[in-house]
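Each chain, written out:
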Amino acid sequence: MGQQRITRAECAHVAALARLELTDEELDRFTGQLDELLDHVAEVEALDLEALPPTMHALPIANLLRPDTPGEVLDRDEVLAQAPFAEDGQFRVPPVLGEAP
Amino acid sequence: MSDEAQTIPGLGAPADTEWETVVGLEVHAELATATKLFSASPNRFGGEPNTHIDPVSLGLPGSLPVLNEKAVELAIRVGLALNCRIQPSVFARKNYFYPDMPKDFQISQYDQPINVDGWLELPSGKRVGIERAHLEEDTGKTVHIGGGGRIHEAGYSLVDYNRAGVPLIEIVGHPELRSAEEARQYVSELRSILVAVGASDGKMEEGSLRVDCNVSVRPVGSDRLGTRCEIKNVNSLRSLGRAIEYEARRQIDQLTSGQAIEQQTRHWNEDDGRTHALRSKEEDYDYRYFPEPDLLPLNPSTEWVEQIRHALPALPRDRRMNLAEAAPSVDIDNIALAVERSMDELALAAISGGGAAERVMTHIVQNLADGSGQLTPEALAELVGMEEAGELTATQAKKVLAVLVEGGGSPQDAAQTLGFEAMDTDELESLVDSLIAEHADEWSRFCDGDAKLTGFFVGQVMKATQGRADGKAVTQLLNSRRG
């Protein structure tokens, strides 16, 4: 293993962004694992890829489009029956502070 | 001068400093498709909550997005109308946790948007740069319940996903606007373009057109931009102007009192006429964008783009130029107003049908604010002709016009019904002669040069004819009788 590519603090930041609660032991373990992954990425980065166009997608096709024709909608009662809480035909969620980001 | 004052334009500036407001706008417009951007449930305003939903707009496991062809076409129309370059593009996930998007990310375009590097021309002729106009999906609507309706005291929230997945185009302009008025003109012009190309209904009040404003200030002559604040919740053109004016004033007051501006997102409150801090840049979100693996790249063919280009209707700018050419003596604001009201076709047809351009435009601008109803261009041309011939006074013409708007028909018939038959010359002459005899005193004073008495005699004629006579013809007659 070469130089360290991700710090424990960076790993904690990424976990926080993904709303993951990690114990100290997990944070150590995942920092190490992510570091190994980044080592692998570095091997690819070391290659001379000047002549190759960037890959935008794993599939070699583009422009998959669908016609603008309305289709079936879901039954509201059936959908809301599966939600933890519902009220007035809507999903009821914990209070949201501030506005949408 | 401190280091800070050197890097922050206007910090601690004296009270008599002249300031410049710098505005850059981000406009979101809902595209007028029948279905959502990535699924087949309807794109329709209103409706019972959660009735326009499907597995994709709810982000259910296993559901996959498929791009709506019409949304792409409309985005290309907007790009072309804004003089953008249409390029190969890629969708990306913008990750954040908020219940308005059930899958915890919004699909947008990030580093490779469909439209880039365009411009929009204001009626004044000023060009404003467009950085990009990209496709993305709209979010659901959350309503806050309890705690007196105030967001920060809310007991809980209710979510309606009818709007989730509705196609949006986000148009990002360069910070090249220099006043609240210019910002209003920009949004108004952009809205006209969106409506003209059929991309959006442009209704700010229904939220199908939403504007976020980036506002900063700097002393006139400074070549650096000040720290900007982003203002959200601006729901009408009027609020846009008010919000920018308030925010510029707030920043100027803060800078002149020696405080730096903090980069913030602020919320416009229509009721108190102020902007309020929502969050500062330091707590801004890290969206962790990455290419959306469930969607393929988009690379519209040149043939398709050219086909769309050829089918584009006339844009407001071209329509203004056409009308200005047909009515060269009419000022540009009135030309722009006619185009904004979509009355330029009526005006052009009436003018080419023989109506005097200036009178046609007077009716369009002053008397047809509520629409042209049943009025045909032929009738408008004829009405203007009757005015020119002195058969109708301006007041009478306005009344005839109202009848034509309401029920159509010809101005001759409408004038007759209203009793506005033109007085023939003999009738007018004998009336004037009898009035001269009746008011011998006033007549001799008029003959001695008392110009005020013109008004007196014209008034008498109008009274006797209940306004049927043409004031100009009466004046001419009085002058010829005086000899």
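Definitions and limits used
Residues numbered from 1 in each chain as written. Chains lettered and ligands numbered in written order. Predicted model: local features only at pLDDT ≥ 70, side-chain atom pairs only at ≥ 80, totals over all residues. Contact = placed C-beta atoms within 7 Å. Helix = DSSP H or I, 4+ residues; strand = E, 2+ residues; numbered from the N terminus. Nonpolar A, V, L, I, M, F, W, Y, C, P; charged D, E, K, R; others polar. Core = buried A, V, L, I, M, F, W, Y, C linked by C-beta atoms within 7 Å. Buried ≥ 20, exposed ≤ 12 C-beta atoms within 10 Å, placed from the backbone. Arc of directions from axis to C-beta. Pairing = 2+ DSSP bridges.

(A) Structural view of the interface of chain B and chain A. Across the boundary between the two partners, chain B contributes 48 residues, which contact 35 residues of chain A. Of all the elements, strand 9 (residues 156-160) of chain B adds the most residues to the side of chain B that touches chain A, at five residues. Its residues assigned to classes, the side of chain B that touches chain A shows 25 nonpolar, 14 polar and nine charged.

(B) Molecular detail of the nonpolar core. All names here are of chain B. Among the nonpolar cores identified, the biggest contains 68 residues, and Leu25, Ala75, Val78, Ile169, Ala183, Cys213 and Ile244 are the most heavily contacted of them. Non-local contacts of Ile169, meaning those with residues more than four positions away in its chain, are made with Ala29, Leu31, Ala75, Val78, Ala133, Leu135 and Ala199. Grouped together as the second largest cluster of nonpolar side chains are 31 residues, Val330, Leu348, Ala379 and Leu380 included.

(C) Region of the structure containing helix 6 (residues 316-326) of chain B. Residues and elements named next belong to chain B. The complete set of buried residues in helix 6 reads Pro316, Arg317, Arg319, Arg320 and Leu323. In an axial view of helix 6, the angular spread of the buried residues amounts to 160 degrees, which keeps them on one side of the axis. Opposite its buried face, helix 6 presents the exposed residues Asp318 and Glu325, each directed more than 90 degrees away. Structurally, helix 6 contributes buried residues whose contacts are with strand 6 (115-121), helix 3 (180-196), helix 7 (332-340) and helix 8 (344-352).

(D) Representation of the sheet that holds strand 9 of chain B. The strand order across the open sheet formed by four strands is 2(A)-3(A)-9(B)-8(B), and the pairing between neighbours is antiparallel. Edge positions in the sheet fall to strand 2 (86-87) of chain A together with strand 8 (141-145) of chain B, since each of these pairs with one other strand and no more. Pairing analysis gives five bridges linking strand 8 of chain B to strand 9 of chain B, with the strands arranged antiparallel. Pairing of Ile145(B) across the sheet is with Tyr156(B), part of strand 9 of chain B.

(E) Representation of the pairing of strand 3 (residues 90-93) of chain A in the model. Pairing of strand 2 of chain A with strand 3 of chain A involves two bridges; the strand directions are antiparallel. Within the sheet, the bridge partner assigned to Ala86(A) lies in strand 3 of chain A and is Phe91(A). Connecting strand 2 of chain A to the next strand, strand 3 of chain A, in antiparallel fashion are two residues, including Asp88(A) with a positive phi near 50 degrees. Alignment of strand 3 of chain A against strand 9 of chain B, held across three bridges, turns out to be antiparallel. Opposite Arg92(A), over in strand 9 of chain B, you have Leu158(B) as the bridge partner.

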